[in-house]
Amino acid sequence: MRFLDLAVILAYLIAVTWFGARFRKAQTSLGDYFLGGRNAPWWAICLSIVSAETSTLTIVGTPGLSFAGNLGFLQLVFGYLLGRIAVSLLFLPQYFRGEMFTAYELMRRRFGERIRRLTAAIFLVTRALAEGVRVFAISLVVSVVLGTGETASIILIVCLTLFYTFEGGMTAVIWTDVAQMGLYVAGAAVSLFVIMGQIPGGWTHVAAVAGEAGKLQVFDFRFSPTVQFFSRKYSFWAGLLGGGFLAMASHGTDQLIVQRLLSARSEADSRRALLWSWLVIFVQFSLFLAIGLGLFVYYREAHLVVPHELDRIYPEFVWRHLPMGVAGLVTAAILAAAMANLSAALNALASTTVIDFAPLLRKSAGAGADTAGARATSLKLARTMTVVWGVVLVAIGMLARHWGSVLESGLSIASVTLGLLLGVFLLGVLTRRVRERAAMAGVLAGLATILYVRYSTSIAWTWWVLIGSAVTFTAGYVASFFQSAGPEVANE
């Protein structure tokens, strides 16, 4: 056990927890606790968006993709840009028409209370399961560092993150995200520099060897209307269309990201943060894929035994091959990504629970009930639900041990239901004739279809959001022709 590295990790954990907890005094209402008082600058929200969608899955999973395959994952990232543009045009104007705390309040305004709670419940289940995988991913890092798979180490990280999220709310989440993102990107850059230093010829040699092995390929333009085509996870069309719909769903209907967009000072700032976040995420994925290429050449030429789980290859290299002290810093950076994503999920889950499933507290948050007692009651329940979801995520994390690659497991879980959310949101934004029961019929049809696709076909998860949203939208619109006569619910 290297005490210098452990000291660096411990110092980081204490520092970030102290830093986040300092924002408690600024929390006086639900608007402060869940939206940071809508006072954060756009660039901080931009970095917070990236931190929220990154997590430990990206850091431990992405290098393994290029180590075992090529750079094809970047095709998905190009689709992310299209999705962000669509969100900025279709959803942001709706979210900034009136004061909203969650994405699902838009569904109440457009369709009614039942759709609002249905979409909120879908988010809660999906986010809890996906975040449980991320909690498990923490154990991959901890087991390398401590040489054990003890769940006590996972609980420690969750408890520290829970503490500053409980105390500081969204303001703490955003600003700790900014600090933690800077740390884990710097840690990745240091790792890449060290890897290149241990390979004779550096990046030039890595590029040559990786090129001969076909690992520099980014685009796969092959197209054919066959099951084999839709079974490939990473192709240009799956990336552009599947990635576009995935980003539209995750950044337009998932409270984890929408909460940050709603925290901006204006719609223009929200749009700016969203679009610039794509550039940051592109650079970030490229960095981690480059680390995977470097590790491929390093392991190959040093004749090292490849870990059975590729998700371990990066954290094991960091802990075993980086200089003392630097290893502790980079490991702390990996934990930083875990804590940033976890704090975002805790706040998003708590906000959706309190706002979308507690009518009395929604009234307390409104202008008509802005008393000190109402605000105190609201904050108490908000903090209580933050703790409850922390316990739930730890429990799910314990069950996520045999779900395959952590990166693809997390993305595939979200892809099952994100299409349903996107489909019903598009019904609300793009149509006027569809009412609540027709929209619910669309959700049920989309759910049945995507479950069939998931368990009875070989179609890759990169297509699931597109399929789910298309079926939900189409079925809901068709059902609107059979809905009972009555006044239509139009956008306000």
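Residues numbered from 1 in each chain as written. Predicted model: local features only at pLDDT ≥ 70, side-chain atom pairs only at ≥ 80, totals over all residues. Heavy atoms only, no water.

## Brief notes about the overall build of the protein chain
Phase 1: Along its length, the protein chain carries 20 helices and 0 strands.
Phase 2: Counting over 492 residues, the protein chain shows a buried share of 59%.
Phase 3: Of the contacts made within the protein chain by residues no fewer than 6 positions apart, 86% connect residues no fewer than 24 positions apart.
Phase 4: Of the roughly 18,400 Å² that the protein chain leaves accessible, carbon and sulfur atoms contribute 68%. (Helix = DSSP H or I, 4+ residues; strand = E, 2+ residues; numbered from the N terminus. Buried < 20%, exposed > 50% of the residue type's maximum accessible area, 1.4 Å probe, protein only. Contact = heavy atoms within 4.5 Å. Areas by Shrake-Rupley, 256 points an atom, 1.4 Å probe, with all protein chains shown as cover.)

## Things to note about the packing of aromatic side chains
Phase 1: For the structure on display, the rule yields 22 aromatic pairs.
Phase 2: Measuring from centroid to centroid gives 6.5 Å for Phe288 and Tyr314, while their planes differ by 75°, and the two rings are edge-to-face. One end of the pair, Phe288, is in helix α13 (residues 267–302); the other, Tyr314, is in helix α14 (residues 313–321), with 26 residues separating them in the sequence. Comparing Phe288 with Tyr314, the two get one shared label, buried.
Phase 3: An aromatic cluster of at least three residues, connected via ring pairs, comprises Phe78, Phe219, Phe221, Phe223, Phe236, Trp237, Trp278 and Phe282.
Phase 4: When the ring centre of Trp42 is taken as reference, the NZ or CZ atom of Arg272 above it lies at 5.8 Å. (Phe/Tyr/Trp six-rings, centres within 6.5 Å; stacked < 30°, edge-to-face > 60°. Lys NZ or Arg CZ within 6 Å of the ring centre and 35° of its normal.)

## Points about the pattern of salt bridges
Phase 1: Scanning the entire structure with this criterion turns up 12 salt bridges.
Phase 2: Here Asp356 makes a salt bridge to Arg116, at a shortest N to O gap of 2.3 Å. Note that Asp356 is positioned in helix α15 (residues 326–357) and Arg116 in helix α7 (residues 113–146), a separation of 240 residues in sequence.
Phase 3: The closest approach of N and O atoms between Arg272 and Asp269, which form a salt bridge, is 2.7 Å. Of this pair, Arg272 and Asp269 both sit in helix α13, separated by 3 residues, roughly a single helical turn.
Phase 4: Here the residues in one salt-bridge network are Glu105, Glu113, Arg116, Arg117 and Asp356, joined through shared partners. (Salt bridge = Lys/Arg side-chain N within 4 Å of Asp/Glu carboxyl O.)

## A closer look at helix α19 (residues 436–456)
Residue pairs spaced three or four apart in an α-helix point in one direction, given the helix's 3.6 residues per turn.
Phase 1: Between its terminal C-alpha atoms α19 stretches 30 Å, which fits the 30 Å expected from 21 residues at 1.5 Å a residue.
Phase 2: Taken together, the buried positions of α19 are Glu436, Ala438, Ala439, Gly442, Val443, Gly446, Ile450 and Val453. Projected onto a plane normal to the axis of α19, the buried residues spread over an arc of 155° and lie on a single side. Across α19 from its buried face, at more than 90 degrees, point the exposed residues Arg437, Leu444, Tyr452 and Tyr455. (Expected span 1.5 Å × (residues − 1). Arc of directions from axis to C-beta.)

## Thoughts on the environment of Gln180
Phase 1: For Gln180, the position within the fold is in helix α8 (residues 151–197).
Phase 2: When residues no more than four places from it in sequence are discounted, the contact partners of Gln180 are Tyr12, Val16, Tyr164, Ala336, Met339 and Ala340.
Phase 3: Reaching out from Gln180, the side chain makes a polar contact with the side chain of Tyr12 at a distance of 2.9 Å. (Polar contact = N/O pair within 3.5 Å; in protein donor to acceptor, adjacent residues only side chain to side chain.)

## Details of the packing of helix α11 (residues 236–252) against helix α12 (residues 255–262)
Phase 1: Relative to each other, α11 and α12 sit at 60°, their axes nearing to 6 Å. By the angle between their axes, α11 is oblique relative to α12. On α12, the residues touching Ser250, His251 and Gly252 of α11 are Ile257, Val258 and Leu261.
Phase 2: Here the residues of the contact of α11 with α12 are counted per class, giving 3 nonpolar, 3 polar and no charged. (Axes fitted to C-alpha atoms, helices over the stretch in contact; angles between N-to-C directions. Parallel < 35°, antiparallel > 145°, perpendicular 65-115°, else oblique. Nonpolar A, V, L, I, M, F, W, Y, C, P; charged D, E, K, R; others polar.)

## Overview of the side chain of Ser480
Phase 1: Relative to the helices and strands, Ser480 is located in the segment after α20 (464–479).
Phase 2: Side-chain polar atoms of Ser480 contact the side chain of Arg433, separated by 3.0 Å.
Phase 3: Polar contacts involving the side chain of Ser480 include one to the main-chain carbonyl oxygen of Tyr477, which spans 2.4 Å.
Phase 4: Once residues within four sequence positions are removed from consideration, Ser480 is found in contact with Arg433, Val434 and Ala438.

## Let's talk about the nonpolar core
Phase 1: Grouped together as the largest cluster of nonpolar side chains are 146 residues, with contacts concentrated most on Phe34, Phe91, Tyr95, Leu295, Tyr314 and Phe425.
Phase 2: Discounting chain neighbours no more than four positions away, the residues touching Phe91 are Ala86, Met248, Gly252, Thr253, Leu422, Phe425, Leu426 and Val429. (Core = buried A, V, L, I, M, F, W, Y, C linked by side-chain atoms within 4.5 Å.)

## Considerations on the confidence of the model for the protein chain
Note that predicted coordinates carrying low pLDDT should not be read in detail.
Phase 1: For the protein chain, the average pLDDT comes to 81, and 86% of its residues sit at 70 or higher.
Phase 2: Confidence scores differ between elements of the protein chain, with helix α16 (residues 359–365) showing the lowest mean pLDDT of 49 and α20 the highest of 93.
Phase 3: Overall, residues 364–369 carries pLDDT values under 50, and its contacts beyond four positions in sequence, including any with other chains, amount to 8 contacts.
Phase 4: Low pLDDT, under 50, characterises residues 487–492; the stretch is placed with 19 contacts to residues that sit more than four places away or in other chains. (pLDDT = per-residue confidence, 0-100.)

## So, the packing of α14 against α15
Phase 1: Contact pair α14 / α15: the axes reach a minimum separation of 8 Å and the direction vectors enclose 150°. In terms of axis orientation, α14 runs roughly antiparallel to α15. Viewed along their axes, α14 and α15 form a crossing whose handedness is left-handed. When α14 is examined against α15, the residues Tyr314, Val318 and Trp319 are found in contact with a partner set consisting of Ala327, Gly328, Val330, Thr331 and Ile334. (Left-handed = near helix turned anticlockwise from the far one by under 90°.)

## Focus on the environment of Val258
Phase 1: Locating Val258 in the fold gives a position in helix α12.
Phase 2: Here the alpha-carbon distance between Val258 and Ile49, two residues 209 residues apart in the chain, equals 9.1 Å.
Phase 3: If sequence neighbours within four positions are ignored, Val258 has contacts with Tyr95, Ala103, His251, Gly252 and Thr253.

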